[in-house]
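Chain residues, written in single-letter form:
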Amino acid sequence: MIKVLMVCHGNICRSTMAQSVFAHMVKQLHIENDFYIESAATSREEIGNTPHYGTVGKLREVGIPVVPHRAVQMTKYDYENYDYLIGMDSANIRNMNRIAGGDKDNKIYKLLSFAGISRDVADPWYTGDFDQTYEDVCMGLEGFLKYLGYKL
């Protein structure tokens with residue numbers, strides 16, 4: 001089983017969107033038993049909160065179920081427990097490395113790097129554009145599945 005942790009700043013917008021979209025993708029491909037998928041924050045600001053209404057609205061619009069979730073913070077234990085820790089932006093990657101005490105096992109990745117793109121996943125907290133975030137998340141996750149050797 002491949003254990004994947006999606007990570008953003010607050011764990012209510014991008015990482016929960018990525019968690020829900022990835023869970024939906026692997027279910028559609030009938031490979032859901034190959035994965036354990038969760039999400040977390042690098043900060044404590046939103047701990048205990050449910051996914052942002054913009055994330056919920058976008059996922060409903062495209063017919064993807066929102067995974068039941070309350071924001072949690074990434075821990076050093078998560079680094080040991082997960083195979084892939086996938087951050088949504090460069091600041092997340094820096095904070096993930098700080099929390100983990102470094103990336104000695106090369107488990108930390110930026111989501112869009114799997115799509116061959118160096119930029120960050122658009123942050124709807126600041127832009128309000130959940131459509132762009134959804135497009136970025138889908139591109140990154142499709143690339144991630146290809147990276148793992150799955151056919152789409």
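Residues numbered from 1 in each chain as written. Predicted model: local features only at pLDDT ≥ 70, side-chain atom pairs only at ≥ 80, totals over all residues. Heavy atoms only, no water.

Caption draft 1: Up close: the nonpolar core. Counting 31 residues, the largest nonpolar core has Val 21, Phe 22 and Ile 86 as the members making the most contacts within it. Only β1 (2–8), α1 (14–28), β2 (35–41), β3 (84–87) and α6 (130–147) provide two or more residues apiece to this core. Considering every element that reaches this core, the biggest residue donor is α6, with 7 residues. Residues Tyr 79, Ile 93, Ile 99 and Ala 100 belong to the second largest nonpolar core, which totals 12 residues. (Core = buried A, V, L, I, M, F, W, Y, C linked by side-chain atoms within 4.5 Å. Buried < 20%, exposed > 50% of the residue type's maximum accessible area, 1.4 Å probe, protein only. Helix = DSSP H or I, 4+ residues; strand = E, 2+ residues; numbered from the N terminus.)

Caption draft 2: Structural context of unusual backbone geometry. Residues other than glycine seldom take positive phi values, yet His 30 does so here, at roughly 60 degrees. On the secondary structure map, His 30 appears in the loop between α1 and β2. His 30 gets classed as exposed once you look at its relative accessible area, which sits at 69%. One non-glycine residue, Asn 106, lies in positive phi territory at about 50 degrees. For Asn 106, the position within the fold is in the loop between α4 (90–100) and β4 (108–110). Its relative accessible area of 56% is what places Asn 106 among the exposed residues.

Caption draft 3: Region of interest: the pattern of salt bridges. Evaluated as defined, the whole model comprises 8 salt bridges. A salt bridge links Glu 61 to Lys 58; the shortest N-O distance between them is 2.9 Å. Residue Glu 61 and its partner Lys 58 are located together in helix α2 (residues 53–61), separated by 3 residues, close to a single helical turn. You can call Glu 61 exposed: its relative accessible area is 57%. (Salt bridge = Lys/Arg side-chain N within 4 Å of Asp/Glu carboxyl O.)

Caption draft 4: A look at the environment of Gly 102. By secondary structure assignment, the location of Gly 102 is in the loop between α4 and β4. As a C-alpha pair, Gly 102 and Pro 68 span 34 residues in sequence and 30 Å in three-dimensional space. Each residue touching Gly 102, except ones within four places of it in the same chain, is listed here: Tyr 79 and Asn 97. (Contact = heavy atoms within 4.5 Å.)

Caption draft 5: A look at α4. Three or more residues of α4 are buried, namely Asn 92, Ile 93, Met 96, Ile 99 and Ala 100. In a view along the axis of α4, the buried residues occupy a sector of 125 degrees, so they form one face of it. Residues of α4 that are exposed and angled more than 90 degrees away from the buried face: Arg 94 and Arg 98. Lining the buried residues of α4 we find β1, α1, α3 (76–81), β3 and β4. Of the residues flanking the end of α4, it is Gly 101, one or two places downstream, whose phi is positive at about 80 degrees. (Arc of directions from axis to C-beta.)

Caption draft 6: Representation of the environment of Ile 47 within the structure. Among the structural elements, Ile 47 can be located in the loop between β2 and α2. The class for Ile 47 is partly exposed, based on a relative accessible area of 34%. Through-space distance from the C-alpha of Ile 47 to that of Asp 129 is 23 Å; in sequence the pair is 82 residues apart.

Caption draft 7: Layout of the packing of α1 against α6. One way to put it is that α1 packs onto α6 with a least axis distance of 10 Å and a crossing angle of 50 degrees. Between α1 and α6, the angle falls in the class oblique. The element α1 and its partner α6 pack so that their crossing is right-handed. For the pair α1 and α6, the contacting residues are Arg 14, Met 17, Ala 18, Val 21, Phe 22, Met 25 and Val 26 in the first and Phe 130, Thr 133, Tyr 134, Val 137, Cys 138, Leu 141, Glu 142, Phe 144 and Leu 145 in the second. A per-class count over the contact of α1 with α6 returns 13 nonpolar, 1 polar and 2 charged. (Axes fitted to C-alpha atoms, helices over the stretch in contact; angles between N-to-C directions. Parallel < 35°, antiparallel > 145°, perpendicular 65-115°, else oblique. Left-handed = near helix turned anticlockwise from the far one by under 90°. Nonpolar A, V, L, I, M, F, W, Y, C, P; charged D, E, K, R; others polar.)

The analysis is restricted to geometry; functional conclusions fall outside its scope.
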